[in-house]
Amino acid sequence: MNSEATVYSHGHDESVLRNHRWRTAENSAGYLLPHLASGMTLLDVGCGPGTITADLAGLVAPGEVTAVEMNDEALNLARAEFAKRCVPNAKTVVSDIHALDFADDTYDVVYAHQVLQHVGDPVQALREMKRVCKPGGIVAVRDTDYGTFTWYPAKPELDRWLALYKATARANGGEPDAGRRLRAWAHEAGLEEFMTTASTWCFSSDEDREWWGGSWADRVLHSNYADRAIELGLATPEDLEHIAAGWHSWVRECDGWFALLHSEILCRV
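Residues numbered from 1 in each chain as written. Predicted model: local features only at pLDDT ≥ 70, side-chain atom pairs only at ≥ 80, totals over all residues. Heavy atoms only, no water.

S.K.: Give me the layout of surface pockets: which residues, what numbers.
M.R.: Quantified by volume, the largest pocket comes out at close to 790 Å³. As for the largest pocket, its lining consists of 48 residues, of which Y8, E69, Q114, V115 and H118 are closest to the centre. Secondary-structure elements contributing two or more residues to the lining of the largest pocket are α1 (14–20), β1 (42–45), α3 (51–60), β2 (65–69), β4 (107–113), α8 (206–222) and β8 (257–268). Here the residues of the lining of the largest pocket sort into 19 nonpolar, 22 polar and 7 charged. (1 Å grid on protein atoms, 1.4 Å probe; cavity = no way out; pocket = protein on both sides within 12 Å on 5 of 7 lines; lining within 4 Å. Points joined across faces, edges and corners; volume = space filled by probe spheres on them. Helix = DSSP H or I, 4+ residues; strand = E, 2+ residues; numbered from the N terminus. Nonpolar A, V, L, I, M, F, W, Y, C, P; charged D, E, K, R; others polar.)

Printed below as a string of structure tokens:
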């Protein structure tokens, strides 16, 4: 299944970008950072708004970073970030992760953050990432696993949110519980020498709850997730308003707590 046969579950509404622009190399690629060095070439597949990519470009400079997205609309977000931060060693290319437009053995590092959960054929995506990676290079992937999301206190609206998100993501052609599958997908793709790690995000301070819960309350109403859930007949606008109210209620809980798990694989080619 190519990228045209899938639908990106989040989209690029400002409520989504507010969340994704928070991501940095430090909080999202810590497992990879010890393996980077000046002069490396790096391919970031599915770069999103480019905040992680720009950080990585600084770490491998003067090596070149190539940022890939599925269309120009998505890639323009990264281009704007690179221009704002004056990143001199990053270029952008529109390409499909299932059939990357690069020659074999091109990059020292091939990286994807929160991408495989959204693609139609994650094993083929990993085969392509392996193909364009130099012998001795690194394929690095990090994906969350929605089945590990947990929170306090109990909120039936958040239970409904999670079930609805997972149903919508799968209807879009993705796998929201990707994290637990990364190791199996890597083996199936022919990657053998790798280490598997996990890391967490936790949101519990007043500021963190407002940021995380407020973002999701807005995404429930305004993002691709909302539009697709209605289009697929999985929810009504009233359902989504109810879920958003649940998120706002969770934000107001002084003891509110939310945690999620990420799986990471780092493979030597």
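S.K.: So, unusual backbone geometry: which residues are in play, and what are the values?
M.R.: A cis amide bond links A61 with the next residue in sequence, P62, at an omega value of 5°. Backbone torsion omega between Y152 and P153 reads -5°, so that peptide bond is classified as cis. The backbone of C86 sits at a positive phi, close to 55°, despite the residue not being glycine. Its location among the elements puts C86 in the loop between α4 (72–84) and β3 (90–94). Relative accessible area serves as the criterion here: at 64%, C86 is assigned to the exposed category. The phi angle at Q114 is positive, at roughly 55°, despite the residue not being glycine. (Buried < 20%, exposed > 50% of the residue type's maximum accessible area, 1.4 Å probe, protein only.)

S.K.: Lay out the packing of α8 against helix α10 (residues 237–251) with the relevant residues and their values.
M.R.: Close contact between α8 and α10 brings their axes to 8 Å; oriented N to C, the two are set at 175°. Considered as vectors, α8 and α10 are oriented roughly antiparallel to each other. On the side of α8, the interface is formed by R209, E210, W212, G213, G214, W216, A217, V220 and L221, while α10 contributes L240, E241, I243, A244, W247, H248, W250 and V251. Grouping the constituent residues of the contact of α8 with α10 by class yields 11 nonpolar, 3 polar and 3 charged. (Axes fitted to C-alpha atoms, helices over the stretch in contact; angles between N-to-C directions. Parallel < 35°, antiparallel > 145°, perpendicular 65-115°, else oblique. Contact = heavy atoms within 4.5 Å.)

S.K.: Please set out the side chain of H262 residue by residue, giving values where relevant.
M.R.: With respect to the helices, strands and loops of the structure, H262 is situated in strand β8. Polar side-chain contacts of H262 include one of 3.1 Å to the side chain of Q114. Sequence-distant contacts of H262, that is, excluding residues within four places in its chain, are made with Q114, R142, D143, T144, T197, A198, S199, T200 and W201. (Polar contact = N/O pair within 3.5 Å; in protein donor to acceptor, adjacent residues only side chain to side chain.)

S.K.: Outline the packing of helix α6 (residues 156–171) against helix α9 (residues 224–231), supporting the account with residue identities and numerical values.
M.R.: Closest axis-to-axis distance for the α6/α9 pair is 10 Å, and the angle between their directions is 80°. As judged from the angle between their axes, α6 and α9 are roughly perpendicular. On α9, the residues touching W161, L164, Y165, T168 and A171 of α6 are Y225, R228 and A229. Here the residues of the contact of α6 with α9 sort into 6 nonpolar, 1 polar and 1 charged.

S.K.: Give me the lowdown on the packing of aromatic side chains, citing residues and values where you can.
M.R.: Per the stated rule, a full pass over the model turns up 25 aromatic pairs. Taking the centre distance of 5.6 Å and the plane angle of 85° together, the rings of F102 and Y107 count as edge-to-face. Note on F102: relative accessible area 13%, which makes it buried. (Phe/Tyr/Trp six-rings, centres within 6.5 Å; stacked < 30°, edge-to-face > 60°.)

S.K.: Describe the nonpolar core, naming the residues involved and giving the relevant values.
M.R.: Ranked by internal contacts, the top residues of the largest apolar core, which has 29 residues, are L43, V110, L116, L126 and V139. When residues of this core are traced back to their parent elements, those giving at least two are β1, β4, α5 (122–131), β5 (133–144), α7 (182–188) and β8. For this core, the leading source of residues is α5, giving 4 residues. Once residues within four sequence positions are removed from consideration, L43 is found in contact with T66, V68, L100, F102, Y107, V109, V110, Y111 and V132. (Core = buried A, V, L, I, M, F, W, Y, C linked by side-chain atoms within 4.5 Å.)

S.K.: Quick one: what's the story with α5, residue by residue and with numbers?
M.R.: When we look at burial in α5, the residues that qualify are P122, V123, A125, L126, E128 and M129. On its buried face, α5 is in contact with β4, β5 and α7.

S.K.: Explain the pattern of salt bridges residue by residue, including any values.
M.R.: By the definition in use, this model includes 18 salt bridges. The partner of R131 in a salt bridge is D104, and the shortest N-O contact between them spans 2.8 Å. Of this pair, R131 sits in helix α5 while D104 sits in the loop between β3 and β4, and the two are 27 residues apart along the sequence. Of the charged contacts, one joins E175 and R170 as a salt bridge, the two residues approaching to 2.9 Å between their closest N and O atoms. Given a relative accessible area of 15%, E175 falls into the buried group. Salt bridges sharing partners connect three or more residues here, namely K166, R170, E175, D177 and R181. (Salt bridge = Lys/Arg side-chain N within 4 Å of Asp/Glu carboxyl O.)

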